[in-house]
Each structure stands twice: as structure tokens, then as C-alpha cells.
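# Survey of secondary and tertiary structure
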Amino acid sequence: MSGNVTAAGVEETLKDFWASRPRRPHRGRKIAGVAEGIAERYRIDPVIVRVAFVAMALCNGAGVFIYLLGWLGLPQEDDEVSPVEALIGQGRSSTPIPLTVLLCLALFPATGFFFDGGFTMVAGVLLSVGAVYLLHLNRGAVNRPAPITTTSSAEQVTEMGQEKTDTPPAWDPLGAAPFAWDLPEPGQAVAPAPPPAPVRRYRKRKSPVTGITLGLSLMVVATAVITGRGETWFTPLHTLGAVLGVMGVGLLVGAFTRGGRGLIGLVVPLSLVGVLGTVVNLADLNGNGRVGDLNPRPTSIAEVDSEYVLKAGSIQLDLTGLPNAGQVETEVRSVVGTLQVTVPRTADVEVRCEADLGSVQCLGQESNGTDAQVETKDVGTDGPGGLKILLHVRNGVGDVEVKRG
């Protein structure tokens, strides 16, 4: 399969995915076997798939929505079709019809939450779909399941009738078989077969969904630029969410009109940017700051800057060289990187440590994950008095550590 993201390539990959989609095994399953089936189909660790489902479930329930779709759309390993296909009479499935109906009903509140769950929910679903698409694009040839064909009773009767009609008997001395009746008399000319009808080739009509969707997206961006001055809502993140909403509608319309599949190549990277924007405070990107490393070691209060800022990199601020008297206040901030501040053992410290996504270790207290925060006061080993440090350490993505020197 080609890795080029084109409308034809995306369509071919989606068709191949459906034809060779994972099957839910009986062994190793935790709930319905969706994660185990995906892992077995593409030869990856099932723990990775389960962790991905849990992570997407934290995105306002996106993982639950995708799991329900997999439960309904993926057949079990010994079934002819999936539960939803069996519900409309396309074949046999061992999933009871009442359970299939119940799962379909469960999709309705999940779908409503998809539209009302905010950018995180929409982005989680789009990321999940994009991940499955890329997984099949790169590992679709691995462990392909054998196709299961279904034959209806009517087709079996037709085949039996054709076999009795089209197969002549082994011995028919009287010429009673119908085949003998169609033989020409000796010397009779055989009429030539009529020439085959010319094959008309129709040019596939290109769907306008992609062009219309891109045009509407550009109109959204233009509206945000023109009317967004002085308006607090028209932030870059909100504008990106509106654009992804328009593209999501385009993909939905394209699913019924066989068009718009080329939008996936834009939706996936834009969703990644949006998810990162919801985690990291984009306001930290403004103002001063650079990319690199900072290792300041001030030895007097006058040498301490009011702030130490990086957009990406590492800051290691060592305050152990300050005199044991007076007061100092500073802020250490970065968007992506590692922040470490070392304070004297005897200093009175009031500190607030924050990380949008990462680990915080602040004078013996710890917090991890998203929106990790620690706020504490510590008077040092000699009790109150002496040098006082007011400290604020904030990171977007990465680790924060404040320790005694």
C-alpha cells in the first residue's frame, strides 16, 4: 500500500480495512474483545491498545464511543458478519439481537456527547480513527484473516439447479439429454456468435465535498481574522476547533456521498495541534523567551532576575549562593522542557509549582499528570527567619522540581 495521502489512496485503504477488519476473539478478551482483536490482527501488544482506549476514554469519553463502534462493527472470529450487519439480515452473528439493539441505543447518548463534549471529545475520536487508519496503512498486510463467505438458501438452490442443467450425463445413448437437442444437424452451418457489445467506460465523477469543506474552513478563518480583533472568543484555539468542526461535518457528509476522504490528511495533524493546545497554556508562548538552556547562579539578591523564561529547553536555577538575609521573588517559566530550582537549606520558602502535563516535585511534595500543582511553605532547617524566597515555577509540558541544596 502506498503511503501517499490521496483521496484514492484513502478510499482504497478504508475498503481494505473493512474487507480484512479485525475479528474479536473469544480468548484474552476483557469486555468484548475489541482491543484484543485489534492487537491480534496487527500483531501488536494488546496492552498498548487497552492503554490507548483508556487514554481516549479520558478525552470526555471518546474511547467509550470508539469501543462501542468496534463492538458493533467487528465480527467475532467464528461469525459470518458483525452484530450490526446481522441485525439487518446480512449474515449470521453469535451476538444476541437484544444485545445488539441495546448497544445501538447506547450509541445515541454517546453520539450526543460527541457533539456536546467539546473539542477534546471530537479530537479524541478523530485521533482514534486516524490512528487505526495509519495502523492499517502500515501493517494491513500482517496476519490478514481468511474471508468468510455466506451463501443463502436461494443461492444454493440456484447452484444445484444449474449443476443439474449444465452438467451432461456420463452416458446417454438415446440423446435424451437436453444438450443433444441443441446440436446442429450434420452439414448445417453454424451461425457466428454476435460480436461483443462495446464496453463503455464512465469517468468517475469527483465529489465536491472536499472543495466545499476547504472553502468553508477558509471562510471560518477569514471571519476569525476580520472580526476577532478585540474579541476574547476568537482565539487561535477556538478558531481551530471551529475549522475542525467544519471538516468533521464534511467527513460525515462524505461518508454518505463517497467523497471528502482527502480531508483526513488535514484533520489528523490539526487535531494533534488542538489537543496540545488544550493541554499547554498557549499564552506562555507570548512575550520574551527563547529555546535553549539556562543555568543562572546568582550570588546576591540584586543578581536575581524577576523571571527566567524559555519557550523550550532546560532551566536550572541555583539560589544556594544567596546571603542568609533579605527577601527575593522570582518566577521560572517554560512551555516545554525541564525546570529545576535549588534553594538554600536555611531559607524560608513560599513556592507554587505547576505543570500542565508532567511531574511536579516541590520540597518533598509530589503531583503528576495533567494540571499537576503543589503549593507549600517551608522555613528550612533553622526555623523562621533569615532569607525569604517567594518562588513561582510553571511548566507547560515537562518536569518541575524545587529542592534544598
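See the structure shown above.
Just so it is clear, the model here is predicted, and its values are computed rather than measured.

Conventions and cut-offs
Residues numbered from 1 in each chain as written. Predicted model: local features only at pLDDT ≥ 70, side-chain atom pairs only at ≥ 80, totals over all residues. Heavy atoms only, no water. Helix = DSSP H or I, 4+ residues; strand = E, 2+ residues; numbered from the N terminus. Buried < 20%, exposed > 50% of the residue type's maximum accessible area, 1.4 Å probe, protein only. Lys, Arg positive; Asp, Glu negative; His and termini not counted. Salt bridge = Lys/Arg side-chain N within 4 Å of Asp/Glu carboxyl O. Polar contact = N/O pair within 3.5 Å; in protein donor to acceptor, adjacent residues only side chain to side chain. Contact = heavy atoms within 4.5 Å. Expected span 1.5 Å × (residues − 1).

### Brief notes about the side chain of R41
Mapped onto the elements, R41 comes out in helix α2 (residues 34–42). Despite its burial, R41 pairs with no opposite charge; the closest candidate is D16, at 5.2 Å N-O. Only 2.7 Å separates the side chain of R41 from the backbone oxygen of G140, close enough to count as a polar contact. In terms of polar contacts, R41 uses its side chain to reach the backbone carbonyl oxygen of V142, at 2.3 Å. What R41 contacts, discounting residues up to four positions off in sequence, is S20, P22, H136, R139, G140, V142, N143, R144 and P145.

### Concerning the environment of D399
Looking at where D399 falls in the secondary structure, it is placed in strand β6 (residues 388–404). As a C-alpha pair, D399 and Q340 span 59 residues in sequence and 8.2 Å in three-dimensional space. With residues up to four places along the chain from it excluded, the contact list for D399 reads G337, T338, L339, G358 and S359.

### Focus: the environment of V125
Tracing the backbone shows V125 in helix α7 (residues 118–139). Note on V125: relative accessible area 6%, which makes it buried.

### Topic: helix α3 (residues 46–57)
Here α3 is 12 residues long and its end C-alpha atoms lie 17 Å apart, about the 16 Å a rise of 1.5 Å per residue gives. Where α3 begins, the side chain of D45 points an oxygen toward the backbone nitrogen of V47, at a separation of 3.1 Å.

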